[in-house]
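# Understanding the architecture of this molecule
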Amino acid sequence: MNTLLKKMMVALLALGIGQAAWADSVPDFKKMLQAAEQGNADAQFNLGLMYDNGRGVRQDYTKAVQWYRKAAEQGDAQAQSNLASMYSNGQGVRQDYAEAVRWYRKAVEQGDVNAQLNLGVMYANGQGVRQDYAEAVRWFRKTAEQGLAEAQYNLGLAYKQGQGVSQDYVQAASWYRKAAEQGHAGAQNNLGLMYEQGQGVRQDYVQAVKWYRKAAEQGHAGAQNNLSVMYYKGQGVRQDDAEAVRWYLKAVEQEFPEAMRWYRKAVEQEFPPVQKK
């Protein structure tokens with residue numbers, strides 16, 4: 001199996017298609033299985049991916065680990081990174097952060113960007129390594145500069161909170177924006193908050209609403225709550241109680257803590273829009 005086919009398979013699985021074409025009973029699956037059993041690392045990785053995601057086969061984390069490990073031991077960087085994640089999450093194996101770090105490092109040595117990001121997360125959380133925010137930021141920056149939205153978001157958080165770097169709202173807003181423009185909902189919400197509070201950017205309620213809405217429409221509960229407040233106060237939008245309640249109830253449906261607190265108060269006071277739900 002060539003590298004192009006491997007990449008196509010990853011793309012198909014990410015899109016959630018190709019399920020029928022890769023079932024156990026079809027010849028293509030049998031060919032892949034035969035290639036994997038003969039030691040083909042690409043085939044081993046793809047089988048691991050299929051079992052991991054339950055695409056074309058019944059989801060089975062234990063089998064996913066089995067095939068990821070075979071490919072990882074042959075030096076496949078993606079398989080090493082995915083195997084590390086299985087150890088980190090305790091899927092198909094006993095959770096073991098130290099083993100996760102070991103496999104992330106192997107993938108990092110080959111330049112795997114997702115492994116670099118996840119190694120940064122391990123340092124930030126002190127999982128499998130001594131907690132070290134500066135080292136976490138080093139890995140976040142390396143991956144953020146390669147355009148990975150999650151890393152850009154994490155780097156924004158680091159600057160906002162002053163963890164591993166000097167607190168810098170301008171830098172925080174800059175990195176949030178990079179991730180937000182790629183559609184990262186958490187970054188969109190946080191950038192909205194920066195605009196609402198005037199941190200690192202000029203205070204601008206219209207911009208705050210714009211970014212809250214983008215995140216809210218992706219189902220981000222915090223953004224739905226924040227957008228509700230903007231409608232309630234009439235900040236950046238025309239004041240609209242009905243729209244405020246609509247977004248507020250979306251956050252309640254996800255049991256967002258702040259929204260739930262207000263929901264309980266509203267129910268106790270028999271607030272009509274809430275009672276109608």
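For clarity, every value in this text was computed on a predicted model and none was experimentally measured.

### Thoughts on helix H12 (residues 205-216)
A rise of 1.5 Å per residue sets the reference length of H12, with its twelve residues, at 16 Å; its end C-alpha atoms lie 16 Å apart and thus fit the reference within 8%. Of all the residues in H12, the buried ones are Ala-208, Val-209, Trp-211, Tyr-212, Ala-215 and Ala-216. Elements that come into contact with the buried residues of H12 comprise helix H10 (169-180), helix H11 (185-197), helix H13 (221-233) and helix H14 (241-253). Backbone nitrogen of Val-206 and a side-chain oxygen of the N-cap are separated by 3.1 Å at the start of H12; the cap is Asp-204.

### Let's talk about helix H4 (residues 61-72)
The end-to-end C-alpha separation of H4 is 16 Å, in line with the 16 Å expected for twelve residues at 1.5 Å each. Structurally, the start of H4 carries an N-cap: the backbone nitrogen of Thr-62 is 3.1 Å from a side-chain oxygen of Asp-60.

### Some thoughts on the pattern of salt bridges
Considering all chains together, one arrives at seven salt bridges under this definition. The shortest N-O distance in the salt bridge between Arg-130 and Asp-132 comes to 4.0 Å. One salt bridge in this structure joins Asp-204 and Arg-202, with 3.9 Å as the shortest N-O distance. Overall, Asp-204 belongs to the buried group, its relative accessible area being 17%.

### Here's the deal with the side chain of Gln-199
Within the secondary structure layout, Gln-199 lies in the loop between H11 and H12. Residue classification places Gln-199 among the buried residues on the basis of a relative accessible area of 16%. What Gln-199 contacts, discounting residues up to four positions off in sequence, is Lys-160, Tyr-169, Ala-173 and Met-194.

What counts, and where the lines are drawn
Each chain carries its own residue numbering, running from 1 in the direction its sequence is written. The predicted nature of this model means local features are confined to residues of pLDDT at least 70 and side-chain atom pairs, given and counted, to a pLDDT of 80 or more, with totals for whole chains, interfaces and linings taken over all residues. Only hydrogens and water are set aside; all other atoms, that is, all heavy atoms of the structure, feed into the side-chain values. Each helix is a run of H or I in the DSSP string that is no shorter than four residues. Each strand is a run of E no shorter than two, and both are numbered from the N terminus. Multiplying one less than the number of residues by 1.5 Å gives the expected span of a helix. Here the term buried applies to any residue with accessible area under 20% of the maximum for its type, exposed to any over 50%, and partly exposed to those in between, with areas from a 1.4 Å probe on protein chains only. Every residue pair with non-hydrogen atoms within 4.5 Å of one another is taken to be in contact. N or O atoms within 3.5 Å of each other form a polar contact, as long as, within protein, one can give a hydrogen and the other can take it, and as long as residues adjacent in sequence are counted only when both atoms are side-chain atoms. Salt bridge, as used here, is a side-chain nitrogen of Lys or Arg placed within 4 Å of a carboxyl oxygen of Asp or Glu.

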